[in-house]
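Listed below are the residues making up each chain.
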Amino acid sequence: MNELISSTVTILQNELYKAIYETLIMLAISFSLSLTCGTVLGFVLYLTTNGHSVKSKIVNKVTSALVNFIRSIPFIILVVFTLPFTFFLVGTKIGPIAASVPLAITATVFLARLVEIALAEVDKGVLEAAYACGASESLIIRRVLLVEAAPAILRGITVTFISLIGFSAMAGMVGGGGIGNLAVQYGYYRYETGIMIFTIVFLVIIVQIAQHVGDFLAKKLSH
Amino acid sequence: MIKFDSVNVVFERKNEQFTAVDNVSLQIDQGNFYGIVGPSGAGKSTLVRTVNLLQRPTSGNVFVNGQNVTSYKDKELRDLRLGIGMIFQHFNLIKNASIFSNVALALRASNTPENEIKNRVYELLELVGLKDKADVFPNLLSGGQKQRVAIARALANKPKILLCDEATSALDPDNTKEVIATLKSIKENYPLTVLFITHQMEVAKTLFDEVAVMEKGRVVEQGSCYDIFAHPQSQAAKNLIKCSIKGVIPEEILAHEKDLYLITYKEECAYESVISYISRQFNLDISIIAGNIEYIQKKPLGRLLISLKSSDEQSKAKALAFIKEKAFVHEFNGEI
Ligand SMILES: Nc1ncnc2c1ncn2[C@@H]1O[C@H](COP(=O)(O)OP(=O)(O)OP(=O)(O)O)[C@@H](O)[C@H]1O
Ligand SMILES: [Mg+2]
């Protein structure tokens, strides 16, 4: 028992800092990118859904098809699939920064759909009243759509963040490093049960915190 | 001033054409409190929504203050809408925004400078008696209060026209009274043309100067509110008004009594004395079954349901002719 603990502690002393750092890099890059791109893409999907112009119909069809295409690829395949693109973008195929590219792509399309759903739930009557006030499209987006959909969007963001944590562990396996990688390398391949348990507990705590913060903020914004 | 000129609205429904508004021509004068009544699905909302082009007419033209607005787009359309307030059955407030922000939205729509917005919002909330609710969110308000917020929002840019689509239909009687009182007091102090849809006849009576009755997309009757209530011509109008007086008369009486006549007195008329006069003069046995007086546009409208019994058909006819000089008389069979 003591041996198990001391070996676990040794490994953690050597590896934990780096693993946390790598996970943070992956999450920070992919989360911030997907947050902006995903929200924008979600708005594009929503706003072009009922568009009457040919242009908006084309935009909707193309974006929607692209989103579905990416979402149907299993993440681990996506990582491999995007390697050339990743290399072109960041000049390397391994490490947390490289892993952030497929992570950001997956999370972006995931969030885009959630944002689209959140916007579609906004009461049509409220939008109509805003149009009847003479409000412009941009005012309605900022002051009505965003405000009414905010709690649902926030819940979507929380879900996205939590699945990013899961995906980042997978990205770790293909060279991204991070906490997930720690679990696989030591806990799985080297039978370091202590490490396995530690990483699981660690991830559970992170996910719990993320969920609580998300719920709290969503609640604050909904009335 | 609002003018509908041969307005049609046709919806496509699964390869089928559905005419929701059928060749409607109407004129609503400046300052009028104009009502549109009619059964559900008559096309009332669709018609009213063509005024601010929430619904574009399939054909025909809509004029607002003399301008043909039918083809307005973008900036022109937004400017038109700034001059037309609208309130809805379900209030349509932004529920995640404070009362203040809800009203401020309309001011932002007209690019009111931020530093003026605050004063103007408080001014508007004061107008509807909700100044102390500025920081509250809509779900904490009663229905009547929500509708008053919606009124404040609708009036934010000092419109000349206010459209109301079933504005009191989702409210209980107390809240309805509250909203009506607010609308009336605003109308008194402010030159506003109001176009108000309702299926509540009680509301129609208290509010409207003029009424149009719609049925199946058409305007089937139109005129002063008083005249339509006193003497409805179309079946649609009769059906609507029937509801408001029929309730007074028990079914049993309708079943037993024969020779029932409904007398509708217009304006001032001491009908009690008329009844006793004809009863004596023509030697008739008259019993009064029911009677009521209501005020429409501040003018009294009296209705009396009598049973005229006489073996002498001639004196009965004479009596009826005598009353007809003073009032509308209908043989009553549960309808009017
Ligand atoms: N966007 C639409 N597409 C298809 N049909 C519609 C649309 N809007 C309204 N209709 C139809 O047009 C008809 C008239 O609708 P409208 O809402 O104007 O009636 P209304 O008189 O306001 O009735 P209510 O008292 O129930 O509000 C209805 O049969 C309705 O189903
Ligand atoms: Mg309607």
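This one's a predicted model, so the numbers in the text were calculated from it and none came from an experiment. (Residues numbered from 1 in each chain as written. Chains lettered and ligands numbered in written order. Predicted model: local features only at pLDDT ≥ 70, side-chain atom pairs only at ≥ 80, totals over all residues. Heavy atoms only, no water.)

Draft legend 1. Quick look at the overall build of chain A. The helix and strand tally for chain A stands at nine helices and zero strands. For chain A, the N- to C-terminal ordering of α and β elements is α-α-α-α-α-α-α-α-α. Along the first, second and third principal axes, the C-alpha set of chain A runs to 75 × 40 × 25 Å. Burial statistics for chain A: of 223 residues in total, 45% are counted as buried. (Helix = DSSP H or I, 4+ residues; strand = E, 2+ residues; numbered from the N terminus. Buried < 20%, exposed > 50% of the residue type's maximum accessible area, 1.4 Å probe, protein only.)

Draft legend 2. Looking closely at the packing of helix 5 (residues 96-120) of chain A against helix 7 (residues 137-176) of chain A. All names here are of chain A. Contact pair helix 5 / helix 7: the axes reach a minimum separation of 8 Å and the direction vectors enclose 155°. When the axes of helix 5 and helix 7 are compared, the pair comes out roughly antiparallel. The crossing of helix 5 and helix 7 is right-handed. Looking at the contact of helix 5 with helix 7, its residues break down into 19 nonpolar, six polar and no charged. (Axes fitted to C-alpha atoms, helices over the stretch in contact; angles between N-to-C directions. Parallel < 35°, antiparallel > 145°, perpendicular 65-115°, else oblique. Left-handed = near helix turned anticlockwise from the far one by under 90°. Nonpolar A, V, L, I, M, F, W, Y, C, P; charged D, E, K, R; others polar.)

Draft legend 3. Examining the domain arrangement of chain B more closely. Residues and elements named next belong to chain B. Structurally, chain B comprises domain 1 (2-232) and domain 2 (247-331). For domain 1 versus domain 2, the distance between C-alpha centres works out to 40 Å. The contact between domain 1 and domain 2 buries some 980 Å² in all, and 56% of this surface belongs to carbon and sulfur atoms. Counting the contacts that link domain 1 with domain 2 gives one salt bridge. One salt bridge connects Lys205 with Glu294, and the closest N-O pair in it is separated by 2.7 Å. Applying the counting criterion to the domain 1 and domain 2 interface returns five residue pairs in polar contact (both at pLDDT 80 or more). Looking at the side of domain 1 that touches domain 2 element by element, the count peaks at five residues for helix 8 (residues 225-230). Within the side of domain 1 that touches domain 2, the residues separate by chemical class into five nonpolar, two polar and three charged. (Domains from an automatic or database assignment. Buried area = accessible area lost by both parts, 1.4 Å probe. Salt bridge = Lys/Arg side-chain N within 4 Å of Asp/Glu carboxyl O. Polar contact = N/O pair within 3.5 Å; in protein donor to acceptor, adjacent residues only side chain to side chain.)

Draft legend 4. How the structure looks around the pairing of strand 12 (residues 285-296) of chain B. Residues and elements named next belong to chain B. In terms of strand pairing, strand 12 meets strand 13 (residues 299-309) through 11 bridges, oriented antiparallel. Note that in strand 13 the partner of Glu294 across the bridge is Leu301. What sits between the antiparallel neighbours strand 12 and strand 13 is a turn of two residues, in which Gln297 has the positive phi angle 50°. (Pairing = 2+ DSSP bridges.)

Draft legend 5. Seen up close, the interface of chain A and chain B. The interface of chain A with chain B comprises 21 residues on the first partner and 23 residues on the second. Both faces combined, the contact of chain A with chain B buries some 1,900 Å², and carbon together with sulfur accounts for 61% of it. The largest contributions to the chain A side of the interface with chain B come from A:Ala132, A:Cys133 and A:His223, which together make up 33% of the buried area. Where chain A touches chain B, the interface holds one salt bridge. (Contact = heavy atoms within 4.5 Å.)

Draft legend 6. Structural view of the sheet that holds strand 3 (residues 33-37) of chain B. All names here are of chain B. Sheet architecture is open: six strands sit in the order 6-7-8-3-9-10, paired in mixed fashion. At either margin of the open sheet sits one strand with a lone partner, and together these are strand 6 (84-87) and strand 10 (218-224). Neighbour to neighbour, the strand axes of the sheet diverge by 15° on average, direction disregarded. Bridge count between strand 3 and strand 9 (residues 210-215): four bridges; the pairing is parallel. Residue pairing in the sheet places Ile36 in a bridge with Ala212 of strand 9.

Draft legend 7. Broad picture of the state of the cysteines. By the definition in use, this model includes zero disulfides over all chains. The cysteine B:Cys164 is free of any disulfide, with A:Cys133 supplying the nearest cysteine sulfur at 13 Å. The class for B:Cys164 is buried, based on a relative accessible area of 0%. (Disulfide = S-S within 2.5 Å.)

Draft legend 8. Spotlight on the pairing of strand 8 (residues 193-197) of chain B. Residues and elements named next belong to chain B. Within strand 8, five of the five residues are buried, leaving the element largely enclosed by the surrounding structure. As paired elements, strand 7 (residues 161-165) and strand 8 share five bridges and run parallel to each other. Note that in strand 8 the partner of Cys164 across the bridge is Phe196. Each parallel crossover has a hand, and for strand 7 linked through helix 6 (residues 173-189) to strand 8 it is right-handed. (Right-handed = clockwise from strand over helix to strand, strands pointing away.)

Draft legend 9. Fine view of the site of ligand 1. All names here are of chain B. Taken together, 13 residues sit near ligand 1, with Arg13, Ser40, Gly41, Ser45 and Thr46 positioned nearest. At a separation of 2.9 Å, an oxygen atom of ligand 1 approaches a polar backbone atom of Lys44. When isolated, ligand 1 has an accessible area of 630 Å², and the protein chains bury 63% of it. Considering every element that reaches the shell around ligand 1, the biggest residue donor is helix 1 (residues 44-49), with three residues. The residue inventory of the shell around ligand 1, partitioned by class, reads five nonpolar, five polar and three charged. (Near = heavy atom within 4 Å. Areas by Shrake-Rupley, 256 points an atom, 1.4 Å probe, with all protein chains shown as cover.)

Draft legend 10. Layout of the packing of aromatic side chains. For the coordinates displayed, the defined rule picks out nine aromatic pairs over all chains. Seen from their ring centres, B:Phe33 and B:Phe196 are 6.1 Å apart, and the 40° between their planes marks the pair as tilted. Remark: B:Phe196 occurs in strand 8 and B:Phe33 occurs in strand 3; sequence separation between them is 163 residues. Of the two residues, B:Phe33 and B:Phe196, neither departs from the other in class, the shared state being buried. Taken together, B:Phe33, B:Phe196 and B:Phe208 form an aromatic cluster joined through their ring pairs. Here the guanidinium or amino end of A:Lys93 rests over the ring plane of A:Phe87, the centre of that ring lying 5.5 Å away. (Phe/Tyr/Trp six-rings, centres within 6.5 Å; stacked < 30°, edge-to-face > 60°. Lys NZ or Arg CZ within 6 Å of the ring centre and 35° of its normal.)

Draft legend 11. Structural detail: the packing of helix 1 (residues 2-49) of chain A against helix 8 (residues 179-188) of chain A. Residue and element names in this part refer to chain A. One can describe the packing of helix 1 onto helix 8 by two numbers: an axis separation of 7 Å at closest approach and a directional angle of 140°. By the angle between their axes, helix 1 is oblique relative to helix 8. On helix 8, the residues that touch Ile11, Leu12, Glu15, Leu16, Ala19, Ile20 and Thr23 of helix 1 are Ile179, Leu182 and Tyr186. Of the residues contributing to the contact of helix 1 with helix 8, the split by class is eight nonpolar, one polar and one charged.

Draft legend 12. Representation of the confidence of the model for chain B. Averaged over every residue, the pLDDT of chain B is 88; residues scoring 70 or more account for 95%. Scored by ipTM, the complex comes to 0.87, with pTM at 0.88. (pLDDT = per-residue confidence, 0-100.)

Draft legend 13. Highlighting the sheet that holds strand 5 (residues 67-68) of chain B. All names here are of chain B. The strand order across the open sheet built from four strands is 2-1-4-5, with neighbouring strands paired in antiparallel fashion. The sheet terminates laterally at strand 2 (16-28) and strand 5, the two strands that pair on one side only. As paired elements, strand 1 (residues 2-13) and strand 2 share nine bridges and run antiparallel to each other. Of the residues in strand 2, the one forming a bridge with Lys3 is Gln27.

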